[in-house]
Amino acid sequence: MRQVNFSIIFVICLALVLFGIENTQLVGIKIVEGVEFKAPLSIELILAMGIGAVLAWVFSVWTRLQSVLGTKQDLEERDREIEILQADIERYKAEIEEQQRLLPSAKMTIDA
């Protein structure tokens, strides 16, 4: 999978470089009214892709954080469930031991 990711990133970067070599004319970017920057189209494209990559990374980190928090809650719920089930097992063991103690005495009264 890493090789596929590397290949995709390499092809995109190669296309970006080839596009940048062919497009060196100045282009203006208007951010807000009255604020405009002029830079080569290739630089603006690289900046736009860089900002996009950073935003994708931030979204990925956010998604992983939500996943970790969800997993932590699931583990806490499972731990509570395990404690309840262990308590049930102990209670059932005590009931079985008591029933086994009563069974031999019942056999004695039947035999006598």
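Here's a quick rundown of the structure. (Residues numbered from 1 in each chain as written. Predicted model: local features only at pLDDT ≥ 70, side-chain atom pairs only at ≥ 80, totals over all residues. Heavy atoms only, no water.)

Notes on the side chain of glutamate 44
In plain terms, the rule: Each helix corresponds to a stretch of at least 4 residues labelled H or I by DSSP, and each strand to a stretch of at least 2 residues labelled E; elements are numbered beginning at the N terminus. Working definition: with a 1.4 Å probe on protein chains only, accessible area under 20% of the residue-type maximum means buried, over 50% means exposed, and in between means partly exposed. Positive charges come from Lys and Arg, negative ones from Asp and Glu, while His and the chain ends are left out of the count. Here a salt bridge means any side-chain nitrogen of Lys or Arg lying within 4 Å of a carboxyl oxygen belonging to Asp or Glu. Two residues qualify as a contact provided that any one of their heavy atoms is within 4.5 Å of a heavy atom in the partner residue.
Tracing the backbone shows glutamate 44 in helix 2 (residues 41-111). Lacking a salt bridge, the buried glutamate 44 has lysine 38 as its closest oppositely charged neighbour, with an N-O distance of 8.4 Å. For glutamate 44, the contacting residues outside a window of four places in its chain are Val27, Gly28, Ile29, Phe37, Lys38 and Ala39.

Some thoughts on a nonpolar patch on the surface
Rules: Think of a patch as exposed residues, more than 30% relative accessible area, with no salt bridge, where like charges cluster within 9 Å and nonpolar side chains (Val, Leu, Ile, Met, Phe, Trp, Tyr) cluster within 5 Å. Note that accessible areas follow from Shrake-Rupley with a 1.4 Å probe, and for residues the cover is restricted to the protein chains shown.
On the surface, a nonpolar cluster with roughly 720 Å² of combined accessible area is contributed by Phe6, Phe10, Val11, Leu14, Val17, Leu18 and Ile21. Looking at the secondary structure, you find phenylalanine 6 in helix 1 (residues 2-22).

Re the pattern of salt bridges
Tallied over the full model, the rule gives three salt bridges. We note a salt bridge from glutamate 36 to lysine 38, for which the minimum N-O separation is 4.0 Å. Judged by relative accessible area, which is 61%, lysine 38 ranks as exposed. For arginine 91, the salt bridge is made with aspartate 88, and the minimal N-O distance between the two is 3.2 Å. Of this pair, arginine 91 and aspartate 88 both sit in helix 2, three residues apart, roughly one helical turn. Relative accessible area serves as the criterion here: at 41%, arginine 91 is assigned to the partly exposed category. Within the structure, one salt-bridge network assembled from shared partners comprises Asp88, Arg91 and Glu95.

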